[in-house]
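For reference, the chains in residue letters:
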Amino acid sequence: MTPLSLWRHARLATLDGDGWGQIDDGALLVEGGHIAWVGRAAALPRELAARVTAEHDLGGALVTPGLVDCHTHLVYGGHRASEFELRLQGASYEAIARAGGGIRSTVAATRAADEQALFDSASRRARALMAEGVTTLEVKSGYGLSLEAEARCLRVARRLGRHLPLAVRTTFLGAHALPPEFEGRADDYITAVCEWLPALHAQGLVDAVDAFCENIGFSPAQTRRVFEAARALGLPVKLHAEQLSDQGGAALAASFGALSCDHLEHLGDDGIRAMRQAGSVAVLLPGAYYFLRETKLPPIAALRQAGVPMAVSTDHNPGTSPGLSLLLMASMACTLFRLTPLEAVQGITVHAARALGLRDRGTLAPGQRADFVAWDLDHPNELAYWFGRNPVQRTVFEGKERA
Ligand code: DI6
Ligand code: FE
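Let me sum up the structure you'll find in this document. What you see is a predicted model, and the numbers here were worked out from it, not measured in a lab.

The next subject is the pattern of salt bridges. Within the structure shown, the criterion is met by 19 salt bridges. Residue Glu-183 pairs with Arg-104 through a salt bridge whose shortest N-O separation is 2.6 Å. Placement of the pair is Glu-183 in the loop between strand S7 (167–175) and helix H7 (186–202) and Arg-104 in helix H4 (residues 103–112), with a sequence separation of 79 residues. A network of salt bridges, in which partner residues are shared, links Glu-138, Lys-140 and Asp-210.

Now the structure itself:
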């Protein structure tokens, strides 16, 4: 029998069910990287207690599931601080993109960077997220925009997952922007993206497929072609939808059973209905809303009323959300988007896991991965309350304490 380790003296917020799932005097029993049992310490069955080989005292800390950042563009070269200055002087994000700046400038810097440099900068960023309790991280490509450079970025993402105590999910976002060598030939570029996908998938580099469906990105018809290529390989899709305008992207993505539709500031009722029917998660990205000084709010009340699960993520990227604090995003989801603290915390745990198609994490329950965080907090609503403070005490990843 595999050894059992008992993590005791915890105040648990399991997030299992509709509420916080609070259990005072709680304990977790971990077996081989998974949770074998969770509950009130006094209720631990005798036969399990007899098999415990290691005990850890959590000192009465609040314990939640490990955090999940379900939408990041973590791998890229350079930064865009000068573009930020231009925008502060009045230039719009779209105008900068149309003039060949924006995403394209990061593509140039990413292509110029070698794999080790990309790994070094991305792992520094990943460590910043991990320090705040992130145990699962999604990483998109989308700044290479050639087969070779997209593969390089996805390899870097995979390497992060091998070298750090962190679970990494990769998403191919070849349809992020039109690279300069395809200027005026967007349909040809989409053909290329659809050809690259099987090659990248064959190298084990792709867990999901995404696109930027927008007037400065790709049309719904082009997005559909990318999704058909994904479906042919059995890969799940997600979409940057309705960020700057309503393109009907969410409904399109939902018709492909999308795991999630992300951004959604301009989402309409049809999109909400389609997402509800497909079971797609709405991924809210308050960092991009804030940094673009957007004023159109995503339709939170309507999403809530429709029962569409809402996740919250950093959208970390150099152009529209250069932030590395998932807890700050939880706070901003409340102040800017009017989520409740419970919704915000579900958004960075259980619903974020669902946005990645993962059902083995995001709550504290038997059978779930043993990824959890001990916090110097009284109540889990404080996760969305403090900002600029890191209340992490200890993080356990796959049953082992992270240094
Ligand atoms: N929407 C975003 O907010 C990021 N990508 C996207 O499709 C921004 C990417 C960037 O500006 O570099
Ligand atoms: Fe994004």
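Next comes the rest of the description.
Time to look at the site of ligand 1. Close to ligand 1 lie 14 residues; Arg-80, Tyr-93, Tyr-143, His-176 and Thr-320 are nearest. At 2.7 Å, a side-chain N or O of Thr-320 approaches an oxygen atom of ligand 1. Burial of ligand 1 by the surrounding chains reaches 100%, relative to a free accessible area of 320 Å². Considered class by class, the residues forming the shell around ligand 1 number four nonpolar, eight polar and two charged.

For the rest of this paragraph, the subject is the side chain of Glu-214. Among the structural elements, Glu-214 can be located in the loop between strand S8 (208–213) and helix H8 (220–232). Of the side chains bearing the opposite charge, Arg-98 lies closest to the buried Glu-214, which forms no salt bridge; the N-O distance is 7.6 Å. Contacts of Glu-214, omitting those with residues within four sequence positions, involve Glu-242, Gln-243, Leu-244, Ser-245 and Gln-247.

Bringing helix H6 (residues 147–163) into the picture now. The terminal C-alpha atoms of H6, which comprises 17 residues, lie 24 Å apart, in line with the 24 Å expected from a rise of 1.5 Å per residue. Those residues of H6 lying buried are Ala-149, Glu-150, Ala-151, Arg-152, Cys-153, Leu-154, Val-156, Ala-157, Arg-159 and Leu-160. Tucked into the core, H6 has its buried residues touching H4, helix H5 (115–131), strand S6 (134–140), S7 and H7.

As a further point, take the packing of aromatic side chains. Tallying each qualifying case throughout the model produces nine aromatic pairs. Seen from their ring centres, Trp-7 and Phe-372 are 5.6 Å apart, and the 80° between their planes marks the pair as edge-to-face. Taken together, the positions of Trp-7 in strand S1 (residues 4–13) and Phe-372 in strand S13 (residues 372–375) put the pair 365 residues apart, joining distant regions of the chain. Each member of the pair, Trp-7 as well as Phe-372, is classed as buried. With 4.8 Å between their ring centres and 70° between their planes, Tyr-385 and Trp-386 make a pair best called edge-to-face. For Tyr-385, a relative accessible area of 54% corresponds to the exposed category. Here the aromatic residues Phe-182, Tyr-189, Trp-196 and Phe-218 are joined through ring pairs into a cluster of three or more. The ring of Phe-119 carries Arg-159 above its face, with NZ or CZ at 4.0 Å from the centroid. Its end group placed over the ring of Trp-386, Arg-389 keeps NZ or CZ at 4.6 Å from the ring centre.

What follows concerns the coordination of the iron ion (ligand 2). At this site the iron ion (ligand 2) is bound by His-71 (NE2), His-73 (NE2), His-240 (NE2) and Asp-315 (OD), with donor distances of 2.1 to 2.2 Å. Taken together, the four donor atoms coordinating the iron ion (ligand 2) span angles of 82 to 169° at the metal, a pattern that classifies the geometry as irregular. Going along the chain, you hit the donors of the iron ion (ligand 2) in the pattern H-x1-H-x166-H-x74-D. Highlighted residues: His-71 in the loop between strand S5 (67–69) and helix H2 (81–88) and His-240 in strand S9 (residues 238–241), separated in sequence by 169 residues. In this structure, His-71 and His-240 share a single accessibility class: buried.

Here the focus is the packing of H6 against H7. The geometry of H6 relative to H7 is characterised by a closest axis approach of 11 Å and an angle of 35° between their N-to-C directions. In the crossing of H6 with H7, the sense of the turn from one axis to the other is right-handed. Contacts between H6 and H7 involve Leu-147, Ala-151 and Leu-154 from the first element and Trp-196, Ala-199 and Leu-200 from the second. Residue composition of the contact of H6 with H7, grouped by class: six nonpolar, no polar and no charged.

This paragraph deals with the side chain of Asp-69. By secondary structure assignment, the location of Asp-69 is in strand S5. Within polar-contact distance, the side chain of Asp-69 engages the side chain of Thr-314 at 2.7 Å. With near-sequence residues (within four places) excluded, Asp-69 lies in contact with Leu-129, Val-134, Thr-136, Leu-137, Glu-138, Ser-313, Thr-314 and Leu-326.

What counts, and where the lines are drawn
Residues numbered from 1 in each chain as written. Chains lettered and ligands numbered in written order. Predicted model: local features only at pLDDT ≥ 70, side-chain atom pairs only at ≥ 80, totals over all residues. Heavy atoms only, no water. Salt bridge = Lys/Arg side-chain N within 4 Å of Asp/Glu carboxyl O. Helix = DSSP H or I, 4+ residues; strand = E, 2+ residues; numbered from the N terminus. Near = heavy atom within 4 Å. Polar contact = N/O pair within 3.5 Å; in protein donor to acceptor, adjacent residues only side chain to side chain. Areas by Shrake-Rupley, 256 points an atom, 1.4 Å probe, with all protein chains shown as cover. Nonpolar A, V, L, I, M, F, W, Y, C, P; charged D, E, K, R; others polar. Buried < 20%, exposed > 50% of the residue type's maximum accessible area, 1.4 Å probe, protein only. Lys, Arg positive; Asp, Glu negative; His and termini not counted. Contact = heavy atoms within 4.5 Å. Expected span 1.5 Å × (residues − 1). Phe/Tyr/Trp six-rings, centres within 6.5 Å; stacked < 30°, edge-to-face > 60°. Lys NZ or Arg CZ within 6 Å of the ring centre and 35° of its normal. Donors = N, O, S within 2.8 Å, 3.2 Å for Na, K, Ca; no water. Tetrahedral: all angles 85-135°; square planar, octahedral: opposite > 155°, others 65-115°. Axes fitted to C-alpha atoms, helices over the stretch in contact; angles between N-to-C directions. Left-handed = near helix turned anticlockwise from the far one by under 90°.

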